[in-house]
Amino acid sequence: IFHPMLSGKFDNKKDDQGFIIIERDGKIFDVLLKWLRNPEQIDNRFDYYTEYQFEELLDEIDFYQLNDFRKIVEEKMKEQVKKSSNLSYQIIEEYE
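Let me sum up the structure you'll find in this document. (Residues numbered from 1 in each chain as written. Predicted model: local features only at pLDDT ≥ 70, side-chain atom pairs only at ≥ 80, totals over all residues. Heavy atoms only, no water.)

Attention shifts here to the side chain of Glu60. Take Glu60: it is sitting in helix α3 (residues 51-64). In terms of polar contacts, Glu60 uses its side chain to reach the side chain of Arg24, at 2.9 Å. Beyond its immediate sequence surroundings of up to four residues, Glu60 is in contact with Arg24, Asp25, Ile28 and Leu32. (Helix = DSSP H or I, 4+ residues; strand = E, 2+ residues; numbered from the N terminus. Polar contact = N/O pair within 3.5 Å; in protein donor to acceptor, adjacent residues only side chain to side chain. Contact = heavy atoms within 4.5 Å.)

If you want it as structure tokens, here you go:
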């Protein structure tokens, strides 16, 4: 995960003690960390993600180069978009 950061590919910010500062979204990092700890257990919070939240998550996944997780999240995103589309269609039908 951190190989690209440590390889010199990026211009890393460091604190006064020489530690690399990672300025990324902590809430999203929690999701990534949970997946890294247990890849088989997919968090059901994806059931409530908006398209924007999925896009934010995918940006972080790309940053950390978690390609396997990307595939899972893309599939969850497709499922969520399909559910949303079906729900919108049902609501429209009810008002017609």
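The discussion continues.
On to the environment of Gln80. With respect to the helices and strands, the residue Gln80 is situated in helix α4 (residues 67-95). For Gln80, a relative accessible area of 13% gives the class buried. Considered as a pair, Gln80 and Tyr48 are 32 residues apart in the sequence and their alpha carbons are 8.0 Å apart. Leave out the neighbours within four places in its chain, and Gln80 touches Phe46, Asp47, Tyr48, Tyr49 and Phe54. (Buried < 20%, exposed > 50% of the residue type's maximum accessible area, 1.4 Å probe, protein only.)

Moving on, we come to the pattern of salt bridges. In the structure shown here, the tally under the stated rule is 5 salt bridges. Between Asp30 and Lys34 there is a salt bridge whose closest N-O contact spans 3.5 Å. A residue pair is termed a helical-turn pair when its members lie 3 or 4 positions apart in one helix, as Asp30 and Lys34 do in helix α2 (residues 26-37) at 4 residues. We classify Asp30 as partly exposed; its relative accessible area is 31%. Taking relative accessible area as the criterion, Lys34 reaches 41% and is therefore assigned partly exposed. (Salt bridge = Lys/Arg side-chain N within 4 Å of Asp/Glu carboxyl O.)

In contact at an axis separation of 10 Å, α2 and α3 are set at 65 degrees when each is read in the N-to-C sense. Of the two possible hands of crossing, α2 and α3 adopt the one that is right-handed. Here α2 contributes Ile28, Phe29, Val31 and Leu32 to the contact with α3, which in turn contributes Glu56, Leu57, Glu60, Ile61 and Tyr64. Residues that form the contact of α2 with α3 fall into these classes: 7 nonpolar, no polar and 2 charged. (Axes fitted to C-alpha atoms, helices over the stretch in contact; angles between N-to-C directions. Left-handed = near helix turned anticlockwise from the far one by under 90°. Nonpolar A, V, L, I, M, F, W, Y, C, P; charged D, E, K, R; others polar.)

With that settled, consider the packing of aromatic side chains. Within this structure, the stated rule accounts for 7 aromatic pairs. Seen in terms of ring centroids, Phe46 and Tyr49 are 5.2 Å apart; in terms of plane orientation they differ by 80 degrees. Their pairing is edge-to-face. Taken as a pair, Phe46 and Tyr49 share a single burial class, namely buried. Seen from their ring centres, Phe63 and Tyr64 are 4.9 Å apart, and the 90 degrees between their planes marks the pair as edge-to-face. Using a relative accessible area of 22% as the deciding quantity, one classes Phe63 as partly exposed. One aromatic cluster is present, built from ring pairs that chain together Trp35, Phe46, Tyr49, Phe54 and Phe69. (Phe/Tyr/Trp six-rings, centres within 6.5 Å; stacked < 30°, edge-to-face > 60°.)

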